[in-house]
Amino acid sequence: MNPSSHHFNFTSEELNNFLKIAGSIAIGVLTLFLLVKTINEVKTYSTIGENPLNSVQNVISVTGKSDMDVKPDVTTFSWSVESDGKTIDEAQSKAATINNKAIEFVKGKGVKEADIKTLGLNTYPKYETSYKGCVTPRSGATSGSSDGSVSSMVVAMPTIMPPCNSESVISGYTTSLSVQVKVRDINKNEKLVSELVGGLGSIGVKASTPTNTIDDIEAFKKVVRNEAIIKARQEAEVLAKALGVKLVKITSFNENGGGGYPYAMDYVSARPMMEKASVAPELPTGTNKVSSEVTITYQIK
């Protein structure tokens, strides 16, 4: 008999049992594989610093601080214009005329168009209230005798007042315009800002309090941050030597920075320019403090 002609005959129950056993084996192998893989992943997994499953992490934290005084180089202020008119067109036209003169003035002083920005334009109605149908009550009266003495008093009956009708009507319109100006390189011309504020006042424009800022503040923040990091690293090395341990690696870093905030100039000192003073008042800019404080945590052994 030819061996190749042999056939295996299984009953349906035997086949089902075989498939169940094979499936169970496959699931077991897959489960074992996933379990081993998970264990390996956990072993190799690391947080910042040390694996918490292996040992307690030994760390030290140090802080470094640095700051510097920086002279502001940009001044920002805004102005507002308000004009009234019987119609919307009249109110807007009056405001635009004054505002255009103000823009032309600051451009003539060297302010670039890119540093002049409109903040708002608003036109709103003005109302007046009129009253109709209001009657004033009569007052009391007295009567007297022929000899001039008062003999009796006649009190007038209260007058029943009809309802008073009030009506609000539009009496005109107000247009409000606001513009922001940024003046750069103020250290090259320290009187420029006061000249601008005073000149705008003579045009009829109300200027806000000038604010001094640092244009490229991020460059200074980078400098003080690097200095703070160097100080923290030096402190860590000194501390590790004193403790008799070695620095392994940085496990965390945090920075609290600040400084360079806007500084408002005294607007009172700029007012004489509005009165066409012959000498422009000086507006000292002072300095803005830029600071950085970093905290570095090292793993040690």
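Since the structure is predicted, the reported quantities are computational estimates derived from the model, not experimental observations.

(A) Local environment of the overall build of the protein. Along the protein, the regular secondary structure elements total five helices and eleven strands. Among the 301 residues that make up the protein, the fraction classed as buried is 26%. Of the roughly 20,500 Å² that the protein leaves accessible, carbon and sulfur atoms contribute 56%.

(B) The confidence of the model for the protein, seen in detail. Per-residue pLDDT for the protein averages 78, and the proportion of residues at 70 or more is 67%. Put simply, helix α5 (residues 271-274) is where the protein has its lowest mean pLDDT, 37, and helix α2 (residues 88-108) is where it has its highest, 95. When the criterion is pLDDT under 50, residues 44-53 qualifies, and its contacts beyond four places in sequence or with other chains add up to 16 contacts. Counted against residues more than four places away or in other chains, residues 263-280, with its pLDDT under 50, gives 42 contacts.

(C) Spotlight on helix α3 (residues 192-203). Its twelve residues give α3 an end-to-end C-alpha distance of 17 Å, which sits within 8% of 16 Å, the value for a rise of 1.5 Å per residue. Among the residues of α3, those classed as buried are L192, V193, S194, L196, V197, G198, G199 and L200. With its phi angle positive at about 105 degrees, G204 sits one or two positions after the end of α3.

(D) Spatial organisation of a nonpolar patch on the surface. On the surface, I21, I25 and V29 cluster together into a nonpolar patch covering about 300 Å² of accessible area. With respect to the element layout, I25 can be found in helix α1 (residues 12-44). Of the residues examined, I25 reaches a relative accessible area of 53% and is grouped as exposed.

(E) How the structure looks around unusual backbone geometry. The phi angle at D185 is positive, at roughly 50 degrees, despite the residue not being glycine. Position of D185 relative to the elements: it lies in the loop between β6 (165-184) and α3.

(F) Representation of the nonpolar core. In this structure, F77, W79, V106, V111, V183, L196 and L200 are the most contacted members of the largest nonpolar core, which totals 20 residues. Counting only elements with at least two residues in this core, the list comes to β2 (74-85), α2, β6 and α3. With five residues, α3 is the largest single contributor of residues to this core. Apart from residues lying up to four places away in sequence, V183 is in contact with D73, V74, T75, F77, V111, L192, V193 and L196.

(G) Structural view of the environment of S194. In this structure, S194 sits in helix α3. Within the structure, the side chain of S194 is placed 2.9 Å from the backbone oxygen of K191, a separation counted as a polar contact.

(H) Representation of the pattern of salt bridges within the structure. Taken as a whole and judged by the stated rule, the model has ten salt bridges. In this structure, K126 engages D84 in a salt bridge whose closest nitrogen and oxygen atoms are separated by 3.6 Å. In this pair, K126 sits in strand β3 (residues 116-132) while D84 sits in strand β2, placing the two residues 42 residues apart along the sequence. Take D84: its relative accessible area is 39%, and that puts it in the partly exposed class. Salt-bridge contacts for D215 lead to R184; the nearest nitrogen and oxygen are separated by 3.2 Å. Here D215 is found in the loop between β8 (211-213) and α4 (217-243), whereas its partner R184 is found in strand β6, with 31 residues between them in sequence. By relative accessible area, which is 44% here, D215 ends up partly exposed. Each member of the salt-bridge network shares a partner with another, and the members are D67, D69 and K289.

Here is what the cut-offs are and how they apply
Residues numbered from 1 in each chain as written. Predicted model: local features only at pLDDT ≥ 70, side-chain atom pairs only at ≥ 80, totals over all residues. Heavy atoms only, no water. Helix = DSSP H or I, 4+ residues; strand = E, 2+ residues; numbered from the N terminus. Buried < 20%, exposed > 50% of the residue type's maximum accessible area, 1.4 Å probe, protein only. Areas by Shrake-Rupley, 256 points an atom, 1.4 Å probe, with all protein chains shown as cover. pLDDT = per-residue confidence, 0-100. Contact = heavy atoms within 4.5 Å. Expected span 1.5 Å × (residues − 1). Patch = residues over 30% accessible without salt bridge, like charges linked within 9 Å, V, L, I, M, F, W, Y side chains within 5 Å. Salt bridge = Lys/Arg side-chain N within 4 Å of Asp/Glu carboxyl O. Core = buried A, V, L, I, M, F, W, Y, C linked by side-chain atoms within 4.5 Å. Polar contact = N/O pair within 3.5 Å; in protein donor to acceptor, adjacent residues only side chain to side chain.

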